[in-house]
Amino acid sequence: MAGIFKSTKTMQNFRVVAEWNERPIGTPEQKAKLAAIQEQVKAKKAVADKIRKEASDKLLAELKPQTPAYEAAARELIAIEAKRPPLKAVVPKPDGPVPADAVVHEAEDFAKGNVGKDTTGFGKGIGVILNTGTFPNRTEYSITVPAAGSYQLDFRYASGEARPIKVYANGEIALSKAAASLTGGFYPADQKWEAQGIITLKAGANDIKFESDYFFPHIDKFLLVARPGLEPTESLGPTTAKQKLIPQIVRDIAERIKNKIDIRIELPEEPDNLLPKPIAALLKKIGDEVTALNKEKPELPLAMAVEEGKPTDLKVHIRGSYLTLGDLSPRRFPTAVSGPAAPKIPEGQSGRLQLANWITAKDNPLTARVFVNRVWRWRFGKGIVGSVDNFGTLGEAPSHPELLDWLATTFVSEDKWSLKKLHKRMMLTATYQMSGQFSKEGDKIDSDNKLLWRFPRQRLEAEQIRDNIMAVSGLLDRTMGGTMLTLKPRAYVTDTNSADSIKYDSPRRAVYLPVVRAAVYDVYQAFDFGDPTVMNGDRPSTTIAPQALFMLNSPVVLKATKALAESVLAKKEWTDDQRVRHLYETCYGRPAADWEVTNAQLYLARFQAAYTLAKDPRLSAWQSLCKSIMAANEFIYVE
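Residues numbered from 1 in each chain as written. Predicted model: local features only at pLDDT ≥ 70, side-chain atom pairs only at ≥ 80, totals over all residues. Heavy atoms only, no water.

Caption draft 1: Structural view of a positive patch on the surface. On the surface, Lys-362, Lys-416, Lys-421 and Lys-424 cluster together to form a positively charged patch. Relative to the helices and strands, Lys-416 resides in the loop between α10 (401-413) and α11 (419-427). (Patch = residues over 30% accessible without salt bridge, like charges linked within 9 Å, V, L, I, M, F, W, Y side chains within 5 Å. Areas by Shrake-Rupley, 256 points an atom, 1.4 Å probe, with all protein chains shown as cover. Salt bridge = Lys/Arg side-chain N within 4 Å of Asp/Glu carboxyl O. Lys, Arg positive; Asp, Glu negative; His and termini not counted. Charge placed at Lys NZ, Arg CZ, Asp CG, Glu CD. Helix = DSSP H or I, 4+ residues; strand = E, 2+ residues; numbered from the N terminus.)

Caption draft 2: Highlighting the sheet that holds strand β6 (residues 112-113). Spatial ordering of the open sheet is given by β6-β9-β14-β11-β12, a layout of five strands whose pairing is antiparallel. Every interior strand has two partners, whereas the edge strands, β6 and β12 (172-178), have only one. As paired strands, strand β9 (residues 137-145) and strand β14 (residues 204-212) are joined by nine bridges and run antiparallel to one another. Bridge pairing in β14 places Thr-144 opposite Ala-205. (Pairing = 2+ DSSP bridges.)

Caption draft 3: Representation of the confidence of the model for the chain within the structure. Per-residue confidence for the chain gives a mean pLDDT of 90; residues scoring 70 or more make up 97%. Throughout residues 496-501 the model reports pLDDT below 50, and contacts reaching past four residues in sequence, or to other chains, amount to 13 contacts. (pLDDT = per-residue confidence, 0-100. Contact = heavy atoms within 4.5 Å.)

Caption draft 4: Spotlight on the packing of aromatic side chains. Applying the stated criterion across every chain, the model contains 21 aromatic pairs. Look at Phe-380 and Tyr-432: their rings are 5.7 Å apart centre to centre, the planes differ by 90°, and that puts the pair in the edge-to-face class. Taken as a pair, Phe-380 in helix α9 (residues 365-380) and Tyr-432 in the loop between α11 and α12 (440-445) lie far apart in primary sequence, 52 residues in all. Both rings, one in Phe-380 and one in Phe-455, keep their centres 6.0 Å apart while their planes meet at 45°; by these two values the pair is tilted. Highlighted residues: Phe-380 in helix α9 and Phe-455 in the loop between α12 and β20 (458-459), separated in sequence by 75 residues. Under the relative-accessibility criterion, Phe-380 is labelled buried at 3%. (Phe/Tyr/Trp six-rings, centres within 6.5 Å; stacked < 30°, edge-to-face > 60°. Buried < 20%, exposed > 50% of the residue type's maximum accessible area, 1.4 Å probe, protein only.)

Caption draft 5: Fine view of the packing of helix α16 (residues 555-569) against helix α17 (residues 576-588). Running from amino to carboxyl end, α16 crosses α17 at an angle of 135°, the nearest separation of the two axes being 10 Å. Taken together, the axis directions place α16 and α17 in an arrangement best described as oblique. Where α16 crosses over α17, the handedness of that crossing is right-handed. Together, Leu-564, Val-568 and Leu-569 of α16 and Arg-579, His-582, Leu-583 and Cys-587 of α17 make up the contact between the two elements. Grouping the amino acids of the contact of α16 with α17 by side-chain chemistry returns five nonpolar, one polar and one charged. (Axes fitted to C-alpha atoms, helices over the stretch in contact; angles between N-to-C directions. Parallel < 35°, antiparallel > 145°, perpendicular 65-115°, else oblique. Left-handed = near helix turned anticlockwise from the far one by under 90°. Nonpolar A, V, L, I, M, F, W, Y, C, P; charged D, E, K, R; others polar.)

Caption draft 6: Structural detail: a nonpolar patch on the surface. On the surface, Phe-371, Trp-378 and Leu-419 cluster together to form a nonpolar patch covering roughly 270 Å² of accessible area. Tracing the backbone shows Leu-419 in helix α11. Judged by relative accessible area, which is 33%, Leu-419 ranks as partly exposed.

Caption draft 7: How the structure looks around α17. The end-to-end C-alpha distance of α17, which contains 13 residues, comes to 18 Å, matching closely the 18 Å that a straight helix rising 1.5 Å per residue would cover. For α17, every residue scored as buried is listed here: Arg-579, Val-580, Leu-583, Tyr-584, Cys-587 and Tyr-588. Taken end-on, α17 shows its buried residues confined to a sector of 135°, consistent with a single buried face. In the core, the buried residues of α17 are packed alongside α13 (462-472), α16, α18 (594-610), α19 (617-631) and α20 (633-636). (Expected span 1.5 Å × (residues − 1). Arc of directions from axis to C-beta.)

Caption draft 8: Just the environment of Ile-198, in detail. Position of Ile-198 relative to the elements: it lies in strand β13 (residues 192-201). Each C-alpha atom, one on Ile-198 and one on Leu-230, is 7.4 Å from the other, the two residues being 32 residues apart in sequence. Contact partners of Ile-198, with chain neighbours within four places excluded, come to Leu-87, Ser-150, Tyr-151, Gln-152, Leu-175, Arg-227, Leu-230, Glu-231, Pro-232 and Thr-233.

Caption draft 9: Inspection of the pattern of salt bridges at higher detail. For the coordinates displayed, the defined rule picks out 38 salt bridges. Here Glu-308 ties to Arg-352 by a salt bridge, and the two come within 3.2 Å at their closest N and O atoms. Within this pair, whereas Glu-308 is found in strand β17 (residues 307-308), its partner Arg-352 is found in helix α8 (residues 352-359), the two being separated by 44 residues in sequence.

Caption draft 10: Main features of the layout of surface pockets. Taken as a whole, the second largest pocket holds about 880 Å³ of empty space. The wall of the second largest pocket is formed by 31 residues, among which Arg-377, Trp-378, Glu-461, Gln-464 and Arg-539 lie closest to the centre. Counting only elements with at least two residues in the lining of the second largest pocket, the list comes to α9, β20, α13 and β21 (637-638). Looking at which element gives the most residues to the lining of the second largest pocket, the answer is α9, with four residues. Split by residue class, the lining of the second largest pocket holds 12 nonpolar, eight polar and 11 charged. (1 Å grid on protein atoms, 1.4 Å probe; cavity = no way out; pocket = protein on both sides within 12 Å on 5 of 7 lines; lining within 4 Å. Points joined across faces, edges and corners; volume = space filled by probe spheres on them.)

Caption draft 11: Molecular detail of the state of the cysteines. All chains considered together, the criterion is met by zero disulfides. For the unlinked cysteine Cys-587, the closest cysteine sulfur is that of Cys-626, found at 6.7 Å. (Disulfide = S-S within 2.5 Å.)

Caption draft 12: Just the environment of Ser-541, in detail. Within the secondary structure, Ser-541 is located in the loop between α14 (522-526) and α15 (545-553). Sequence separation of Ser-541 and Glu-461 is 80 residues, and the distance between their C-alpha atoms is 8.3 Å. When near neighbours in sequence (up to four residues on either side) are disregarded, Ser-541 contacts Arg-459 and Asp-528.

Caption draft 13: Local environment of the nonpolar core. Grouped together as the largest cluster of nonpolar side chains are 49 residues, with contacts concentrated most on Ile-469, Met-551, Trp-622 and Phe-635. For this core, the secondary-structure elements that each account for two or more residues are α13, α14, α15, α16, α17, α18, α19 and α20. Other than its neighbours up to four places away in sequence, Ile-469 contacts Phe-550, Met-551, Val-556, Val-557, Ala-560, Met-630 and Phe-635. Counting residues in each nonpolar core, the second largest holds 26 residues, with Val-167, Ala-169, Ala-179 and Phe-216 among its members. (Core = buried A, V, L, I, M, F, W, Y, C linked by side-chain atoms within 4.5 Å.)

Here you go:
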């Protein structure tokens, strides 16, 4: 089995991060259009790469004889930097006062950019910019200053690892490594003001851009203060200007000297800004054409899917260690479950197809047994095999082995793997329709109800409780289809408020609500929602105090009970007796007993008399009654 999975491609490896292997799904027309555009993009990129390579090779050949001049300019730069006094932050304390003559700008208030804005997690209470998963990260601003000259740039930011960024002023590189210092972490408590350097600006509006090929630090804000007479941090000295050397290469040589690396001239990975202007303009034109083509691509949804890798057999890892290898083990299925007649895997294939066929084969009872056992657990609260994730020797033995075998057999042969038919088959049984009432005789014989002499009482699951609250109040949106998650694949999400498109306070059914692993919906967490980071075929059913508090005080319940109370009071032709009976039928699915109606009306009268100062005592009384009905076990338990 290990060899089969080793021969399967699940990830795409890139320079910075790896991504899940994804395949586009859509109509044949969409796929054809996408393929045609991709071919055009590929052709244009090939032309651009050829032009870029030829121009880069020519430029490099011209520059190499100038290596001594670049080395001299780089050493001059190092000497200038050594004499330059260190800058101090204008605001020494993280929350200190900002001078009146400083130009301050919130980092998240940018004109253009592909970074995200966060106000709840890393930016709680302040607002910061952070990554969205697209590289390079960049953000642009229009900043107005009163006079031309030198300005000190300070950042208020948080960074728990080295994440230097480049700063451009009016299209020219102003700082090569800004925000490079560590502040101790990424959260608001780690925010600090740090001086970044001196940059040159013109009077009036200036275009400021921050950019990085890697992740961004979490920048809260930045400021500019005039520093007349100070040389810009990136000033290179007279040698560079006199000999018309390329500043970026002078800086690169200086870094090589500092790090004791061989001195040689190399072009950056993206050298377009160093190439002759006509060639740079041509490359920009081709780039714009590629951008336009990419915009014409049809938006095809993507499905995470594996594909064939290089067929590989693995050696046995003795005692599980990859450092201690034994004999070569060919790709095959575990004989303990597949038997000696397991399908053979062809030489040039991974074995995934054969594995899939074996898993779903009619003569393989394991898959169907696991499947029907899980459905039984959904219907009866516990599987025929109690350990639904473990059918091995360490798992529980089936309470009704013949029933499990019969269900698995009919599920394959008669139901043809139809989940709907399997549910129908179970729900039409006398066992499912049996009363849940307790009896001494049954309890004496089978106190744990393993033999199902009565219907096992069970609580609704988290999603069902939430939908039930919304449904009885008339707030549930029963619209079918669609999605509420509008984020792009692999978007950077830290919590439910990292993007406005993720909202849990929606009237849509629970099945359409997104599940963010970093911030599970609090309604779900109160009622034993499964951990979305691991696989689990069973859920516990705990009884804890916060559940009762949730059913009385949570915004979901308060909103729903108010809507329910308003709906019954809106029926002017009804008496209070009819309103109470309607609530019981709506919430419990049964008629109210006369004593329940009497007690409810007494409760309403006493509540209304006690809350005479409320804005609407009558509405408050009815809402309180609705909360009491919803908070009862009968509302969230299946009898």
